[in-house]
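Here is how the chains run, residue by residue.
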Amino acid sequence: MALTFAGGHASFAAVAGDGLRALAAGEAGATDPEQAAAHVLAGLPELPPHPDVPAGVRAQRASGYRLATLTNGSAGTTRAVLERAGLADCFESHLDVEAPGRWKPAREAYAYALDALGVRAGAALLVSVHPWDIDGAARAGLATAWLRRTARPYPSTAHPADLTTTALPDLAARLGAM
């Protein structure tokens, strides 16, 4: 995100690789920081979704919502995680910030996704666990839902989420009631 704010750009893999190599170089017993970073990055597509995600995604899709992903990471990694979870067919698109060259929470990242999907900002809802993402999407004109995974409070300096929930199936039910 700091690169975006400064006017630069690099891929998530490059930035994460730098951070991982720096961490590994500072650890006792880490003999090859490059290998350690590669190992962690290669494992990202193998991560499982949170237990509530499959039911929540399926409920939203069954309710007729169009679903897409937008990540600062790799769209391919997101797709791989969702394919392994049997959810790939629920999403019409997997997007990342490589094309706009601006990481979320920059307005351009959200504008890119809206354009790619052919949706106006006021008709889109961003669901995220990250308050900074909620704030950026709200400033770009999207409705927002905060999926609160921890007990940490929402930052008072950020745009508040339009909806807050602790589980994705609850969000699907709340959206259906609106």
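Residues numbered from 1 in each chain as written. Predicted model: local features only at pLDDT ≥ 70, side-chain atom pairs only at ≥ 80, totals over all residues. Heavy atoms only, no water.

J.: What exactly am I supposed to notice about the pairing of strand E2 (residues 93-96) here?
T.: Both faces of the sheet carry side chains from a regular strand, because those side chains alternate between them. A two-sided burial pattern is seen for E2, the buried positions comprising Ser 93 and Leu 95 on one face and His 94 and Asp 96 on the other. Here four bridges tie strand E1 (residues 68-71) to E2, and the two strands are oriented parallel to one another. Bridged to Thr 71 within E2 is Asp 96. The β-α-β motif built from E1, the intervening helix H5 (residues 75-84) and the parallel element E2 has right-handed crossover chirality. (Buried < 20%, exposed > 50% of the residue type's maximum accessible area, 1.4 Å probe, protein only. Helix = DSSP H or I, 4+ residues; strand = E, 2+ residues; numbered from the N terminus. Pairing = 2+ DSSP bridges. Right-handed = clockwise from strand over helix to strand, strands pointing away.)

J.: Got a minute to help me understand the environment of Arg 120 in this structure?
T.: Position of Arg 120 relative to the elements: it lies in the loop between helix H6 (107-117) and strand E3 (125-128). Sequence separation between Arg 120 and Ala 161 is 41 residues; the distance between their C-alpha atoms is 19 Å.

J.: I tried to follow helix H8 (residues 168-176) on my own but got confused; where do I start?
T.: Given 3.6 residues per helical turn, the α-helix brings residues three or four places apart onto the same face. Listed in full, the buried residues belonging to H8 are Leu 168, Leu 171, Ala 172 and Leu 175. The arc that holds every buried residue of H8, seen down its axis, measures 100°, which confines them to one face. Considering only its buried residues, H8 is in contact with helix H4 (53-62), E3, strand E4 (143-147) and strand E5 (163-165). (Arc of directions from axis to C-beta. Contact = heavy atoms within 4.5 Å.)

J.: Would you mind showing me how to read the pairing of E3 here?
T.: With burial as the criterion, only one face of E3 is covered, namely that bearing Leu 126 and Ser 128; the residues Leu 125 and Val 127 on the opposite face remain uncovered. In the sheet, E3 pairs with E4 via four bridges, with the strands oriented parallel. Its bridge partner lying in E4, Val 127 is registered against Ala 145. In the classification by handedness, the crossover that spans E3, the intervening helix H7 (residues 131-139) and the parallel E4 is right-handed.

J.: For this particular structure, what's the right way to read the packing of helix H2 (residues 12-25) against helix H3 (residues 33-43)?
T.: Angle between the axes and distance between the axes are the two parameters that describe a pair of packed helices. Their axes nearest at 8 Å, the elements H2 and H3 cross at an angle of 130°. Taken together, the axis directions place H2 and H3 in an arrangement best described as oblique. Note that H2 runs across H3; the crossing there is right-handed. In contact with Ala 13, Ala 16, Gly 17, Leu 20, Arg 21, Ala 24 and Ala 25 of H2, H3 contributes Pro 33, Glu 34, Ala 36, Ala 37, Val 40 and Leu 41. Taken together, the residues of the contact of H2 with H3 break down into ten nonpolar, one polar and two charged. (Axes fitted to C-alpha atoms, helices over the stretch in contact; angles between N-to-C directions. Parallel < 35°, antiparallel > 145°, perpendicular 65-115°, else oblique. Left-handed = near helix turned anticlockwise from the far one by under 90°. Nonpolar A, V, L, I, M, F, W, Y, C, P; charged D, E, K, R; others polar.)

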